[in-house]
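Residues per chain are reported as follows:
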Amino acid sequence: MKTRFVMILLGVLTLACCRGEDALYENGVSRPLALIRKQNIRNPEYFIRFSVPESRDSAISGHIEIDFDIDRPREIIVDFRELDNVDHVSANGSPARYELRNEHIVISSSSFRKGSNRVAISFTPADQSFNRNDDFMYTLLVPDRARTAFPCFDQPDMKAVFNLELEVPEEWVAVSNSPVDSQTVGDSRRRVRFKPTEPLSTYLFSFVAGVFRSETYDNGNHVFTAYHRETDPERLSQFPAIFAQVASSLQWLEDYTGIRYPFAKYDFIILPGFQYGGMEHTGATLYNDSRMFLSKTPTPDEQLSRSQLIAHETAHMWFGDFVTMEWFDDVWTKEVFANYFASRITEPLFPDINHRLNWLKTITAPALSEDRTLGGTAIKQPLDNMCDAGLVYNSIIYNKAPVMLRKLVEIMGEDSFREGIRDYLTAYAYGNASWDDLIRILDGKCEEDLASFSDVWVNSKGMPFVDFVMKGDTLVVSQHDPYGRGLTWPQSFGVYLTGDGCREIEVKMDSPSVEIPLGFCPESILPNSDGRGYGYFRYDASTLERMLDNWHGIKDETCRQSQLMNLHECFQHGVIDADRWLASLLEGLPHEENALIASTLCGYIGTAMKETSDMTIQKKILSLSRTHSLASCRQQLLRKLISSASDSVVCSELYDIWKKASHPLLNEDDYMSLAYSLAIRFPDKQEYMIAEQMSRIDNPDRKRQFGFVSRATTPDTLEQKKLFLSLLQAGNRRIEPWALETLEYLCHHSREDQAVGYIWDALEALPYIQRTSDIFFPQDWAYAILNERHSAHAYRVVDEFLMNNDDMSELLECKILRSAWNLQRRNP
């Protein structure tokens, strides 16, 4: 282990020499700086004080003391982005000699001694990572935002104990990673001291403060407290179910890992307008309110999604928090386990669900949607500096990585994999590890060459294109690499053969081509019939037509879902046109009785509907939204029309639904969406609809949301452009989900000409948006700008932009290319 680290360090030092000494001091946290600092600094511990004023327009004040050990006096580089707001720096009780350089406080070696040292810094933090609202706030520091909030060593392998003191308005409550140690109230202020944390990476440190209600649940094994701002009794009645899902997730993981929950407490906070579905801060996990509180008539997808979200964040307590990646090029190693185990944790909670089918829908399909584009990446991506760490997040690490892991478990066997996982967690408890560290442990548990498997699946982008050809009575299955690298993706999957002697056979693809003697010629070849495979499975011409006509006659639900996904890939690659695809979907949907497959069909219909000029399609969907036997399907079809309807008759029907406000399957969020969409469709009714919808909303947080987003419905094109330009400024998109929703309505599919006019400015702003927003927002921003676009003019603008900005970060360019996939394939 030590030899490996020294070799890495020597390599990085060589790189630093090649780049010059400035590599240590460049903006962000470079890999050379991170490795040198990890080698030289031991036992960091933070003592942090923040004073939060009542008004969010007044600055927060901060003070930090950092304890650490060094083997000799040496220069210490502390990360902090707000260098203009450094008030005082001392070292070991005396004023320090330091300089402010490129987001770092560089303190001279003359200020330090061998052994224990303490740096003290008084500062004013930036508001960026404090998410301040009028009466609540929360920190969100992943992946490299801790240095915007306080001076620190902002890299994941410098784990430290955190000691926090907060001063907040008296009526506020405060929650952090660790339990409260003491608190006092006086002079209209509340002073809270928290107990020391377990060792944490800087991105996991967090606190929340504000006006919140709380609910507590004790299951006899753990005590959970939830903090929230909800006022709706129907939503509040869901807490018992939420707590039960948290408790069952925790119990499952304790049983599987053999390690009791490794942190002092498990509290969670449900926030309006939270940027993500959840964030795994130990002791203070954050959740988005719209993901946690379901409507009166939730779809099976929504019920599963909440359970999987809770399980995902709980799995992170072991995979990401207890054992953390060394560097953010391995950030996928925490997400792969969180999504893989979330799927397994959820299975016993929903015994009536076909979970292999659900895996295809929620894990495999999102991975394919990104892997097929020109912006696809490998699971593991290179990362030179923490300032770009947010850009490595994508559907590949969240979804393709679990697909890979499931294949690895299949190779190893469940018992060997579980034994390896337990060894891994024990070996790196409260520490850091890389994927290579894990592979070495797992390699010792089986005879297969996991390193070679990993090299293809983890380190290479793309997916195999798989073809099926009969030569006489022998089936030839071949795969090829669309990037021309000659890669072979090892995997096994089922193939169902129809006709005389129909059966399912196992295909083991461990070479570019395999031949399987059948002894007969099947009528049709249904690839990936068991859903275990991954790639673009291509039909022969006769099977393609047969599948389009008869997919809904496939009895096995997993096979039916898998064939629909194969057909959808054919549509995405231009083999099937939109009208033919819609005809097939609408032929089968009325007969579909599985809610998850029906949900898939609704999604595919929504995509293809945007590519047809046949307005009768929308009327058919409206009719099905009234007559389908599944309530969840009726609800989802109606939601597709809410977002995409353009037919005047259908829009008038939707207006009547909105005006009556009594549809049994629509909730308050649906009516808000309906008001936005129809206000754009009926500009003469815009002012009335927005005012009326606002009067229907009681919750103050949702009123603020509606007021913010509804500005995008104005028919005044000059006001639309002004609103768009305002979103380019960070201060006007503090609540990112609201800003994103506003942008989506500004770029509504009915506003093609105006939206094309935003493309250049929006893409040009991406580097600034990356720097001033949280991890998913740059991709979501590009998607909102480009996904609804279809014209040749829009395609030319994007193409010209990329040609004129060939020096753009490759990671940012990938986000543009992913978002422009539909535009590219519609303008070949």
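This text goes with the structure placed above it.
Overview of the structure.

Parameters and conventions
Residues numbered from 1 in each chain as written. Predicted model: local features only at pLDDT ≥ 70, side-chain atom pairs only at ≥ 80, totals over all residues. Heavy atoms only, no water. Helix = DSSP H or I, 4+ residues; strand = E, 2+ residues; numbered from the N terminus. Rg over C-alpha atoms; globule rule 2.2 N^0.38 Å. Buried < 20%, exposed > 50% of the residue type's maximum accessible area, 1.4 Å probe, protein only. Areas by Shrake-Rupley, 256 points an atom, 1.4 Å probe, with all protein chains shown as cover. Lys, Arg positive; Asp, Glu negative; His and termini not counted. Charge placed at Lys NZ, Arg CZ, Asp CG, Glu CD. Pairing = 2+ DSSP bridges. Phe/Tyr/Trp six-rings, centres within 6.5 Å; stacked < 30°, edge-to-face > 60°. Lys NZ or Arg CZ within 6 Å of the ring centre and 35° of its normal. Axes fitted to C-alpha atoms, helices over the stretch in contact; angles between N-to-C directions. Contact = heavy atoms within 4.5 Å. Core = buried A, V, L, I, M, F, W, Y, C linked by side-chain atoms within 4.5 Å. Expected span 1.5 Å × (residues − 1). Arc of directions from axis to C-beta. Parallel < 35°, antiparallel > 145°, perpendicular 65-115°, else oblique. Nonpolar A, V, L, I, M, F, W, Y, C, P; charged D, E, K, R; others polar. Disulfide = S-S within 2.5 Å.

### Quick word on the overall build of the chain
Here is step 1 of the chain: Secondary structure summary: the chain contains 32 helices and 28 strands in total.
Here is step 2 of the chain: Computed over the C-alpha atoms, the radius of gyration of the chain is 27 Å, within 12% of the 28 Å expected from 2.2 N^0.38 for a compact globule of 828 residues.
Here is step 3 of the chain: Considering the chain as a whole, with its 828 residues, one finds that 60% of them fall into the buried category.
Here is step 4 of the chain: Accessible surface, the chain as shown: approximately 31,000 Å² in total, 48% of it carbon and sulfur.
Here is step 5 of the chain: Across the chain, the mean location of the 86 positive side-chain charges is 2 Å away from that of the 118 negative side-chain charges.

### A short note on the pairing of strand β2 (residues 61-70)
Here is step 1 of the chain: Extensive coverage of β2 is indicated by the burial of seven of its ten residues.
Here is step 2 of the chain: In this structure, strand β1 (residues 42-51) lies alongside β2, joined through eight bridges in antiparallel fashion. From the neighbouring strand, Phe-47 faces β2, where its bridge partner is Glu-65.
Here is step 3 of the chain: Summarising the sheet, β2 and strand β8 (residues 115-123) pair through nine bridges and their orientation is antiparallel. The residue of β8 that forms the bridge with His-63 is Ser-122.

### Observations regarding the packing of aromatic side chains
To describe a pair of aromatic rings, one takes the distance between the centres and the angle between the planes.
Here is step 1 of the chain: Applying the stated rule across the entire model yields 63 aromatic pairs.
Here is step 2 of the chain: Between Tyr-217 and Phe-224, the ring centres sit 6.2 Å apart and the planes meet at 20°, which makes this aromatic pair stacked.
Here is step 3 of the chain: Residue classification places Tyr-217 among the partly exposed positions, given a relative accessible area of 28%.
Here is step 4 of the chain: Judged by its relative accessible area of 0%, Phe-224 falls in the buried class.
Here is step 5 of the chain: Across from the ring centre of Tyr-256, 4.9 Å away, lies the NZ or CZ of Arg-418, which sits over that ring.

### Looking at the sheet that holds strand β6 (residues 98-101)
Here is step 1 of the chain: Taken together, three strands build an open sheet; the order of strands is β3-β7-β6 and the sheet is antiparallel. Because the sheet does not close on itself, it has two edges, and the strands there are β3 (76-79) and β6. Strand-to-strand, the axes of this sheet are offset by a mean angle of 20°, without reference to chain direction.
Here is step 2 of the chain: Where helix α2 (residues 31-40) meets the sheet, it contacts β3 and β7 (104-107), and its direction lies at approximately 120° from that of β3.

### Describing the nonpolar core
Generally speaking, a soluble globular protein has its nonpolar side chains buried in company with each other.
Here is step 1 of the chain: Residues Phe-150, Phe-417 and Trp-781 are the most contacted members of the largest nonpolar core, which totals 259 residues.
Here is step 2 of the chain: Not counting chain neighbours up to four residues away, the residues in contact with Phe-417 comprise Tyr-256, Phe-337, Tyr-340, Phe-341, Leu-405, Leu-408, Val-409, Met-412 and Leu-442.
Here is step 3 of the chain: If you look at the next biggest cluster of nonpolar residues, it comprises 16 residues, including Leu-497, Ile-505, Val-514 and Phe-537.

### Focus: the sheet that holds strand β17 (residues 266-271)
Here is step 1 of the chain: Strands sit in the order β15-β16-β17-β19-β18 across an open sheet of five strands; the sheet is mixed. The sheet terminates laterally at β15 (213-218) and β18 (278-279), the two strands that pair on one side only.
Here is step 2 of the chain: As paired elements, β15 and strand β16 (residues 223-228) share six bridges and run antiparallel to each other. Across the sheet, Asp-218 pairs through a bridge with Val-223, a residue of β16.
Here is step 3 of the chain: This element, helix α5 (residues 239-257), spans β15, β16 and β17 of the sheet and lies at about 135° to β16.
Here is step 4 of the chain: Packing against the sheet, helix α7 (residues 300-315) makes contact with β17, β18 and β19 (285-288), and its axis sits at approximately 160° to β19.

### Topic: the environment of Glu-165
Here is step 1 of the chain: Assignment of secondary structure puts Glu-165 in strand β10 (residues 161-169).
Here is step 2 of the chain: Considering only alpha carbons, one finds Glu-165 and Asp-57, 108 residues apart in sequence, at a separation of 21 Å.
Here is step 3 of the chain: Here Glu-165 is in contact with Ile-48, Arg-49, Phe-50, Val-192 and Arg-193, once residues within four sequence places are set aside.

### Some points on helix α30 (residues 792-804)
Here is step 1 of the chain: In this model, α30 (13 residues) spans 18 Å end to end at C-alpha, consistent with the 18 Å of a helix rising 1.5 Å per residue.
Here is step 2 of the chain: Of the positions making up α30, those classed as buried are Ala-794, Val-797, Val-798, Phe-801 and Leu-802. Burial along α30 is one-sided: seen end-on, the buried residues are contained in an arc of 130°. Among the exposed residues of α30, those pointing more than 90 degrees away from its buried face are Arg-796, Met-803 and Asn-804.
Here is step 3 of the chain: Tucked into the core, α30 has its buried residues touching α26 (752-756), α27 (759-764), α29 (777-786), α31 (810-819) and α32 (821-825).

### Comments concerning unusual backbone geometry
Here is step 1 of the chain: Pro-143 follows Val-142 through a cis peptide bond whose omega is -5°.
Here is step 2 of the chain: Within the secondary structure layout, Pro-143 lies in the loop between β9 (136-138) and α3 (146-149).
Here is step 3 of the chain: In the Ramachandran plot, Asn-43 falls in the positive-phi region, its phi being about 55° despite a non-glycine side chain.
Here is step 4 of the chain: Within the fold, Asn-43 resides in strand β1.
Here is step 5 of the chain: When its relative accessible area of 56% is taken as the criterion, Asn-43 is described as exposed.
Here is step 6 of the chain: Of note in the backbone geometry, Asn-102 takes a positive phi value of approximately 50° without being a glycine.
Here is step 7 of the chain: Here Asn-102 lies in the loop between β6 and β7.

### Details of the pairing of strand β14 (residues 207-210)
On a regular strand, each side chain points to the face opposite its neighbour's, so the side chains alternate between the two faces of the sheet.
Here is step 1 of the chain: Residues Phe-207 and Ala-209 of β14 are buried on one face, and the alternating residues Val-208 and Gly-210, pointing to the opposite face, are buried as well.
Here is step 2 of the chain: Across three bridges, β9 lies against β14 in antiparallel orientation. In the strand pairing of β14, Tyr-138 is matched with Val-208.
Here is step 3 of the chain: Bridge count between strand β11 (residues 173-176) and β14: four bridges; the pairing is antiparallel. Across the sheet, Ser-176 pairs through a bridge with Phe-207, a residue of β14.

### A look at the packing of helix α21 (residues 668-681) against helix α22 (residues 686-696)
Here is step 1 of the chain: Remark: α21 packs on α22, axes separated minimally by 9 Å, with the N-to-C direction vectors making an angle of 170°. When the axis of α21 is compared with that of α22, the two are roughly antiparallel. In this structure, α21 contributes Glu-668, Tyr-671, Met-672, Ala-675, Leu-678 and Ala-679 to the contact, and α22 contributes Gln-686, Met-689, Ile-690, Gln-693 and Arg-696.
Here is step 2 of the chain: Residues that form the contact of α21 with α22 fall into these classes: seven nonpolar, two polar and two charged.

### Digging into the environment of Phe-224
Here is step 1 of the chain: For Phe-224, the position within the fold is in strand β16.
Here is step 2 of the chain: Taking C-alpha positions, Phe-224 is 7.8 Å from Phe-268, a pair spaced 44 residues apart along the chain.
Here is step 3 of the chain: Each residue touching Phe-224, except ones within four places of it in the same chain, is listed here: Glu-215, Thr-216, Tyr-217, Asn-219, Phe-243, Val-246, Ala-247, Leu-250, Tyr-266 and Asp-267.

### Structural notes on the state of the cysteines
Here is step 1 of the chain: Taken as a whole and judged by the stated rule, the model has zero disulfides.
Here is step 2 of the chain: Its sulfur unpaired, Cys-633 is 3.8 Å from the next cysteine sulfur, which belongs to Cys-602.
Here is step 3 of the chain: No disulfide involves Cys-651; its sulfur sits 18 Å from the nearest other cysteine sulfur, which is in Cys-602.

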